[in-house]
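Chain and residue survey
Below are the chains, spelled out letter by letter.
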Amino acid sequence: EEKIFAGKVLRLHVCTMEGAEWLEEVPEDTTVEKLKERCLKHCVPGSLEDPKTVTHHKLIHATSEKVLTDTKTVLEENIQDRDVLLLIKKRAPPPLPKMADVSAEEKRKQEQKAPDKDAILKATANLPSRNVDRTVAHHNMRDFQTELRKILVSLIEVAQKLLALNPDAVELFKKANAMLDEDEEDRVDEIALRQLTEMGFPESRAVKALRLNHMSVTQAMEWLIEHADDPTVDAPLPGQTPSEATAEAGASPAEAGASPAEASASSAEATAGPSSEASGEEAKDELTEIFKKIRRKREFRPDPRAVIALMEMGFDEKEVVDALRVNNNQQNAACEWLLGDRKPSPEDLDKGIDTNSPLFQAILENPVVQLGLTNPKTLLAFEDMLENPLNSTQWMNDPETGPVMLQISRIFQTLNRT
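Quick notes on the rules
Residues numbered from 1 in each chain as written. Predicted model: local features only at pLDDT ≥ 70, side-chain atom pairs only at ≥ 80, totals over all residues. Heavy atoms only, no water. UniProt positions renumbered as here; feature names shortened; annotations may be inferred. Helix = DSSP H or I, 4+ residues; strand = E, 2+ residues; numbered from the N terminus. Buried < 20%, exposed > 50% of the residue type's maximum accessible area, 1.4 Å probe, protein only. Contact = heavy atoms within 4.5 Å. Areas by Shrake-Rupley, 256 points an atom, 1.4 Å probe, with all protein chains shown as cover. Salt bridge = Lys/Arg side-chain N within 4 Å of Asp/Glu carboxyl O. Pairing = 2+ DSSP bridges. pLDDT = per-residue confidence, 0-100. Polar contact = N/O pair within 3.5 Å; in protein donor to acceptor, adjacent residues only side chain to side chain. Lys, Arg positive; Asp, Glu negative; His and termini not counted. Core = buried A, V, L, I, M, F, W, Y, C linked by side-chain atoms within 4.5 Å. Axes fitted to C-alpha atoms, helices over the stretch in contact; angles between N-to-C directions. Parallel < 35°, antiparallel > 145°, perpendicular 65-115°, else oblique. Left-handed = near helix turned anticlockwise from the far one by under 90°.

Within an unreviewed UniProt entry, the label attached to the protein chain reads Ubiquitin-associated domain-containing protein 1, and the organism entered is Mesembrinibis cayennensis. Quoted verbatim from the Pathway (unreviewed entry) heading of the UniProt record, the comment on the protein chain is "Protein modification; protein ubiquitination."

Moving on, we come to the overall build of the protein chain. Helices and strands together make up the secondary structure of the protein chain, namely 23 helices and five strands. Buried residues in the protein chain amount to 35% of all 418 residues. Taking contacts inside the protein chain between residues at least 6 apart in sequence as the whole, the part at least 24 apart equals 61%. Only carbon and sulfur atoms are counted for the fraction: they give 53% of the accessible area of the protein chain, which is about 26,800 Å².

A complete count under the given rule lists nine salt bridges for this structure. We note a salt bridge from Asp398 to Lys377, for which the minimum N-O separation is 2.9 Å. Taken together, the residues span a long stretch of sequence, with Asp398 in the loop between helix 22 (392-396) and helix 23 (402-417) and Lys377 in helix 21 (residues 376-387) at a distance of 21 residues. Lys377 gets classed as buried once you look at its relative accessible area, which sits at 17%. In this structure, a network of salt bridges that share partners links the residues Lys377, Asp398 and Glu400.

This next bit is on the pairing of strand 2 (residues 21-27). Burial of strand 2 is one-sided: the residues Trp22, Glu24 and Val26 facing one way are buried, the residues Glu21, Leu23, Glu25 and Pro27 facing the other way are not. Where strand 1 (residues 9-16) meets strand 2, seven bridges bridge the pair, whose relative direction is antiparallel. Looking at the pairing, Val14 lines up with Trp22 of strand 2. Connecting strand 1 to the antiparallel partner strand 2 that follows it, the hairpin turn spans four residues, and Gly19 within it adopts a positive phi of roughly 105 degrees.

On to the environment of Val153, then. Along the chain, Val153 turns up in helix 7 (residues 144-164). Sequence separation of Val153 and Lys351 is 198 residues, and the distance between their C-alpha atoms is 6.9 Å. Dropping the residues within four chain positions of it, Val153 is found in contact with Leu349, Asp350, Lys351, Gly352 and Leu386.

The mixed open sheet is built from five strands, whose spatial order is 2-1-5-3-4. Looking at which strands have only one partner, the edges of the open sheet turn out to be strand 2 and strand 4 (66-67). In this sheet, strand 4 lies alongside strand 3 (residues 57-61) in antiparallel orientation, the contact comprising two bridges. Considered in strand 4, the bridge of His61 is made with Lys66.

The share of residues in the protein chain with pLDDT of 70 or more is 72%, and the mean pLDDT across the chain is 75. Averaged pLDDT values for the elements of the protein chain fall to 38 in helix 13 (residues 253-256) and rise to 90 in helix 20 (residues 367-372). Across residues 242-278, where pLDDT falls below 50, the model places 32 contacts with residues more than four positions away in sequence or in other chains.

Turning to the side chain of Lys36, a few remarks are in order. Position of Lys36 relative to the elements: it lies in helix 2 (residues 32-43). At 3.2 Å, the side chain of Lys36 forms a polar contact with the backbone oxygen of Val54. Within the local environment of Lys36, its side chain forms a polar contact with the side chain of Asp70, the two groups lying 2.9 Å apart. The residues contacting Lys36, other than those within four sequence positions of it, are Val54, His57, Lys58, Leu59, Asp70 and Leu87.

Within the element layout of this structure, Asp83 appears in the loop between strand 4 and strand 5 (84-89). Buried and unpaired, Asp83 has Arg82 as its nearest opposite-charge partner, separated by 9.3 Å. Polar contacts involving the side chain of Asp83 include one to the main-chain amide nitrogen of Gln80, which spans 2.8 Å.

All right, on to the nonpolar core then. Counting 25 residues, the largest nonpolar core has Ile151, Leu155, Leu359, Ile363, Phe382, Met385 and Ile408 as its most contacted members. For this core, the leading source of residues is helix 7, giving eight residues. Sequence-distant contacts of Leu155, defined by excluding residues within four places in its chain, comprise Phe360, Ile363, Leu364, Leu373, Phe382 and Ile408. Listed in part, the 16 residues of the second largest apolar core include Leu10, Val32, Leu35 and Leu85.

Quick look at the packing of helix 10 (residues 203-212) against helix 11 (residues 217-226) now. Two elements in contact, helix 10 and helix 11, have axes whose closest approach is 8 Å; the angle formed by their N-to-C orientations is 120 degrees. Classed by the angle they form, the pair helix 10 and helix 11 counts as oblique. Remark: the crossing between helix 10 and helix 11 carries right-handed chirality. Here helix 10 contributes Arg205, Ala206, Lys208, Ala209, Leu210 and Leu212 to the contact with helix 11, which in turn contributes Val217, Ala220, Trp223 and Leu224.

In this structure, strand 1 lies alongside strand 5, joined through four bridges in parallel fashion. Residue Thr16 lies in a different strand from strand 5, and its bridge partner there is Leu87. Across five bridges, the pairing between strand 3 and strand 5 is antiparallel. When the bridges of strand 5 are listed, Leu59 appears paired with Leu87.

Structure below.
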């Protein structure tokens, strides 16, 4: 009966790590644990006296590299006749660290930590002091835009003196003055203005809308439609002088036939008379008047939209214009200035840099700057950037004034790092 009902007998090839090999014949219902005991009895005599010997070994199916489970049978592990099994002793787990070793490791980690503030002060108590005041050091990291204004104020004075020594100074500045007038004409985009006037909007009102909306035709048109019934729609913009409003509405009959350049030149000539007959003193007076005229034309132009927004908060127009002038037409910064201690004051903007400072001396000694100061266009650029900082980009990209501004910036950055 045992032979009839006995399971199928499998012949398995067993190998050990030491090189021993043999055949084991076992029924397919034999558990892996029993098979492991038979293998150990064959290759390690007396090993079964220690019950841990069986648990410290494992059988591995050579083909699938699968570790056989002790509680499963040979059939359940899908072992076939003539399969190869490996008998391997399990690797012993690493010993737990001793308390002395743990303490030594913790001590080593503590030594590798960065020292705290008290430890640093204790270790450096006997070192000589360098007397570096961090507050003063931070204060000396001057902002280029703040210092640039002071530099421009002083350079304008130098440029005026240099250009006054030029015998052709009056003629040069008449041309420069004409350039300014042409620039004034270009301040309104003619194409955008024509688009609005062709829609039926009055020219003066279209000019105002374009200036309020940064020359955007779409936004200007929306503004014109929105304010069509506003009784103050034709009122001049805040900060705009009556003469500018008159000029926009239409020129006087005497100037109607003359170009802006001719009108400016004739005005300068009327002030001082023919240059050929003028004495040196008269030429100097004429040059002074031209300088004043240039300065008037380059007066600060506040952003009309920012002026209206800040005035709606309840601030006086003069306060608003001062705030925008101090903060380079930046509305948010101007609002903070109005609500704060109002430093720096508008009067501080007219102060120049110390002419004996190393920075100013280095700028004046630069050959590119020296050559640029003899060019009337450089003076115009300085005047414009002084009152309209947002125009700095166009002068930086100008082939005549760009190199001068680049040298000033490089000299400032070099000295500020030392």
